[in-house]
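Residues per chain, in single letters:
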Amino acid sequence: MKFVDEASIYVEAGNGGDGCLSFRREKFVERGGPDGGDGGNGGSVYLIADNDLNTLVDFRYQPKYRAERGENGRGRNCSGKKGGDIVLKVPAGTTIIDEDTREVIGDLTNVGDKLLVAKGGHHGLGNTHFKSSTNRAPRRITKGTLGEKRNLRLELKVIADVGLVGMPNAGKSTFIRAVSHAKPKVADYPFTTLVPNLGVVKIEQHRGFVIADIPGLIEGASEGAGLGIRFLKHLARCRILLHLVDIAPMDGSDPVQVASAIIQELEKFSPTLAARERWLVLNKVDVVSEEDLALIKQNIVDALNWQGPVYTVSALARKGTEQLCQDIMNYIEAKAEEEASNPDAAAEEAEFKAQMEAEAREQMRILVEQRKARKRAAKHQDDDDDNDDGDVEVFYVP
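Residues numbered from 1 in each chain as written. Predicted model: local features only at pLDDT ≥ 70, side-chain atom pairs only at ≥ 80, totals over all residues. Heavy atoms only, no water.

(A) Quick peek at a positive patch on the surface. Among the surface-exposed residues, Arg 371, Lys 372, Arg 374, Lys 375 and Arg 376 lie close enough to one another that they form a single positively charged patch. Mapped onto the elements, Arg 371 comes out in helix H8 (residues 343-390). Judged by relative accessible area, which is 40%, Arg 371 ranks as partly exposed. (Patch = residues over 30% accessible without salt bridge, like charges linked within 9 Å, V, L, I, M, F, W, Y side chains within 5 Å. Areas by Shrake-Rupley, 256 points an atom, 1.4 Å probe, with all protein chains shown as cover. Salt bridge = Lys/Arg side-chain N within 4 Å of Asp/Glu carboxyl O. Lys, Arg positive; Asp, Glu negative; His and termini not counted. Charge placed at Lys NZ, Arg CZ, Asp CG, Glu CD. Helix = DSSP H or I, 4+ residues; strand = E, 2+ residues; numbered from the N terminus. Buried < 20%, exposed > 50% of the residue type's maximum accessible area, 1.4 Å probe, protein only.)

(B) Spatial organisation of the pattern of salt bridges. Summed over all chains, the structure comprises 20 salt bridges. For the salt bridge of Lys 335 with Glu 338, the shortest nitrogen-to-oxygen distance reads 3.9 Å. Within this pair, Lys 335 and its partner Glu 338 are both found in helix H7 (residues 321-341), separated by three residues, close to a single helical turn. Overlapping salt bridges bring together Glu 6, Glu 99, Asp 107, Arg 153, Glu 155, Lys 157, Arg 237 and Glu 357 as one network.

(C) Structural detail: the environment of Glu 103. Topologically, Glu 103 is positioned in the loop between strand S5 (94-98) and strand S6 (104-108). Here the alpha-carbon distance between Glu 103 and Leu 152, two residues 49 residues apart in the chain, equals 9.8 Å. Once residues within four sequence positions are removed from consideration, Glu 103 is found in contact with Ile 96, Ile 97 and Asp 98. (Contact = heavy atoms within 4.5 Å.)

(D) Molecular detail of the pairing of S5. Of all five residues making up S5, five are buried, and the element is well covered by its neighbours. Neither face of S5 is left uncovered, since the one carrying Thr 94, Ile 96 and Asp 98 and the one carrying Thr 95 and Ile 97 both have all their residues buried. Pairing geometry for S5 and strand S8 (residues 149-156), over five bridges, is antiparallel. Following the sheet pairing, Asp 98 is matched in S8 by Leu 152. One ladder, built from four bridges, connects S5 with S6; its direction is antiparallel. From the neighbouring strand, Ile 96 faces S6, where its bridge partner is Gly 106. Counting the residues that bridge the hairpin from S5 to S6 gives five residues, and of these Arg 102 lies at a positive phi of roughly 65°. (Pairing = 2+ DSSP bridges.)

(E) Main features of the packing of aromatic side chains. All told, the structure shown has three aromatic pairs when counted by the stated rule. Consider the rings of Phe 59 and Tyr 65, whose centres lie 6.0 Å apart with planes at 65°: the pair is edge-to-face. Ring pairing ties together the aromatic residues Trp 279, Tyr 311 and Tyr 331, which thus form one cluster. (Phe/Tyr/Trp six-rings, centres within 6.5 Å; stacked < 30°, edge-to-face > 60°.)

Written out as structure tokens, the structure is:
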């Protein structure tokens, strides 16, 4: 199934049913009085997080959803039937945004989370409600109110504890295959990963974490080059980033320049994301000597002024990966315990994630507007060329 992580939909709740104007008409009952029933409430639209979904592709083919209208009231004090609700299933990790106001309506991060996105209209009242000792034959009713209408944008971000970043062919897919049961495509050419892949890393029976592999970044990604910029937003939910660097690239590129380029792209895309806990992982150590490895490692650390942890692994040979995963598990558990015992730390983490998502969303909005502007400019240029062709004077030579 095609992976789709963004979709725009239109939702419309049902209108409330109108109240009924009616009077009792029975044999031998003179002036029976009002008996108009109330209308029914309009149906609402809900979104619910479902564990069986991992893409928003269905919403690309069906973008409009309308709930049922409430029935009008009837005589004999019969109320109208309530309109049926619509419950749309979305993957866990979906953020719902109002496209008109850019307001974040909600975030469905856990399976079973349910969110009301369009409330149905309220029912109208029949004339029975307006009878009194001074008005025994009321001819007043109320209309049902309109249901809410909204243009929504659904954004899916994969839920993972660890995110992998790096250039194409840095060995990210090989790494996730080595530490989990995930089987992403691996080949000897760049851009084999086209969509995010998730893998569950099991440390012990009841200890583990989820790792996400996103398409590789290239220089200029923050301006829209390549595929990685489109999926960088998925890292906003990660607690830690692993920066994989190929120390023996096949194209002969300098590992120092490659590592620096990735950091620059992260900072351009989102300064908050670049400030996230990040560990440096030097991959493919099995193809260089120990002396060369020590020299390459020192050059990278000095050039980046790296202050965080540095690991040397071989994802293909599964060398050093076990210790790295154990350290990641310990770090994640320590952070979880800190947030559980310290409300301030939990609030700070939530604010940090919200800031990352806001920066990522704004950067994507800018890139989309730039792409639309380029398309308009290209279309305008084509129109000008067509007009120029129409002004050409043609001479017919006998």
